[in-house]
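Remarks on the overall topology
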Amino acid sequence: MTMMSDLSQDLLEEILSRVPRTSLGAVRSTCKRWNTLSKDRILCKAEETRDQFRFIMKKYKLCSMRFDLNGTLNEDGGTEFVDPSIKELGHFFNQVKISKVFQCDGLLLCVTKEDNIRLVVWNPYLGQIRWIESGNTNYRLFDRYAIGYDNNRKHKILRFLDYYNFNMKHRFLEYEIYDFSSNSWRVLDIAPRWEIESYQRGASLKGNTYFIAKEKIVYEEDGEFPEPPDNLLCFDFTTESFGQFLPLPFQHYLYDAGALSSLGDEKLAALFQCGDTDLSEVEIWVTTMIETNTVSWNPFLKVDMEPHYGRSFMFDYYGGSFFIDEEKKLAVVFQFDESGMTRYEDAAYIIGENGYVKKVRLGEAPANQGGYCFPSVCCSSYVPSLVQINQIVGFKKEREEE
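Now for a quick tour of the structure. Note that this is a predicted model, so its numbers are computed, not measured.

**With respect to the sheet that holds strand E24 (residues 357-364)**
The strands that make up a sheet are held in pairs by hydrogen bonds between backbone atoms, and each pair lies either parallel or antiparallel. With antiparallel pairing, 4 strands are arranged side by side in an open sheet as E21-E22-E23-E24. Bordering the open sheet on either side are strand E21 (321-325) and E24, each of which pairs with just one other strand. Strand-to-strand twist in this sheet, taken as the mean axis angle between neighbours without regard to direction, amounts to 25°. Summarising the sheet, strand E22 (residues 330-338) and strand E23 (residues 344-352) pair through 9 bridges and their orientation is antiparallel. Among the inter-strand pairings, Leu330 is bridged to a residue of E23, identified as Gly352.

**Re the sheet that holds strand E5 (residues 107-112)**
Across the sheet, 4 strands lie side by side as E4-E5-E6-E7; this open sheet has antiparallel pairing. Pairing within the sheet leaves two strands with one partner each, and these edge strands are strand E4 (98-104) and strand E7 (128-132). For this sheet the average axis-to-axis angle between neighbouring strands, irrespective of direction, equals 20°.

**Some points on the packing of aromatic side chains**
The description of two aromatic rings rests on the distance between their centres and on the angle between their planes. A full pass over the atoms with the stated rule returns 27 aromatic pairs. Centre to centre, the rings of Tyr175 and Phe242 are 5.5 Å apart; their planes meet at 70°, and the pair counts as edge-to-face. Separated by 67 residues along the polypeptide, Tyr175 in strand E10 (residues 170-179) and Phe242 in strand E16 (residues 241-242) bring together distant segments of the chain. Summarising the burial analysis for this pair, Tyr175 and Phe242 share the class buried. Ring geometry for Tyr309 versus Phe313: centroids 5.3 Å apart, planes at 35°, classification tilted. Taken together, the ring pairs in this structure connect Phe160, Tyr175, Trp194, Phe211, Phe235, Phe237 and Phe242 into an aromatic cluster. Sitting over the face of the ring of Phe323, Arg54 holds its NZ or CZ atom 3.7 Å from the ring centroid. The ring of Phe245 carries the charged tip of Arg193 above its face, separated from the ring centre by 4.9 Å.

Criteria and cut-off values
- Residues numbered from 1 in each chain as written.
- Predicted model: local features only at pLDDT ≥ 70, side-chain atom pairs only at ≥ 80, totals over all residues.
- Heavy atoms only, no water.
- Pairing = 2+ DSSP bridges.
- Helix = DSSP H or I, 4+ residues; strand = E, 2+ residues; numbered from the N terminus.
- Axes fitted to C-alpha atoms, helices over the stretch in contact; angles between N-to-C directions.
- Phe/Tyr/Trp six-rings, centres within 6.5 Å; stacked < 30°, edge-to-face > 60°.
- Buried < 20%, exposed > 50% of the residue type's maximum accessible area, 1.4 Å probe, protein only.
- Lys NZ or Arg CZ within 6 Å of the ring centre and 35° of its normal.

This is the structure:
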């Protein structure tokens, strides 16, 4: 009888290359040889598969997604081919609803959709999960989150506490940081001179997170005030502070569609569509250089949506997420569309050069009493990580019992 130890190196590598990354934890526990080989095989292949595998939150479920863009644009006018494959994840993700998902350094931060919000961090490659105590978050739907790491590769979570005290009739905004190494939250001494809308997710780059932000408005005595355009703002997880305003490559205001995306760990992309119904062009820009306090941009794509869907078509300012393929000169924008009077659907719009636009339907997405669920994609392809996030003993048992 043939044993696993009898299999050739080439055959083992072929087997491992066909295993979904979300199932690698089970493979690695088979034997020491498979554990070592899977690490070497997957990590060395990460660059080759960088544009094939992502995570997406759809209908409050965390899913894995492969979006094949090969053949999308055929110079010879041949048949277009787009094959999105989206699969709901099993394990404990079947037991909870996810409202937000963020990705950094091979780790996923998930925010549950519950009255008392909970946080869970997952390393898909190692199969490790850590539940994080988040305090009393009852009904705080507008809290914002980000995950990153400092110069010592210590991973942290940033949280904006955004709540309204009805007794004092005052809105409070507080910033907290969670340190994985100490398993504790700390309040940051930050007096913001900016505002970041609750729907702005931010984008992770080199361990830091970038947001679209605006200056706080100073009201004039006559009640009129000028609305300043938005800027780019970086939170540095090493200094645990925000940097200075950086310029966006367009004039972005409230109700304009605007979103950020990262290309690996080197570049940032920005999407813009003006909220004016007379303007239907979509712009995408990519950084040529970016640090915490400096940035420069180059145009990547500009596409007019009017010939395809009419002048009134606009990507939703509230739920925008996208990723781009630099080599193929394509962008994929995810949208929540109306497909009838009472029906809704998730969709992906592929846009490219020379006015190319193609809509890919991703299935029905009915609205409910909890509001609309916009599909939210992790902009970077998933790259395996060896970061250890072992669950704290005791708290793990409590969650397992739940």
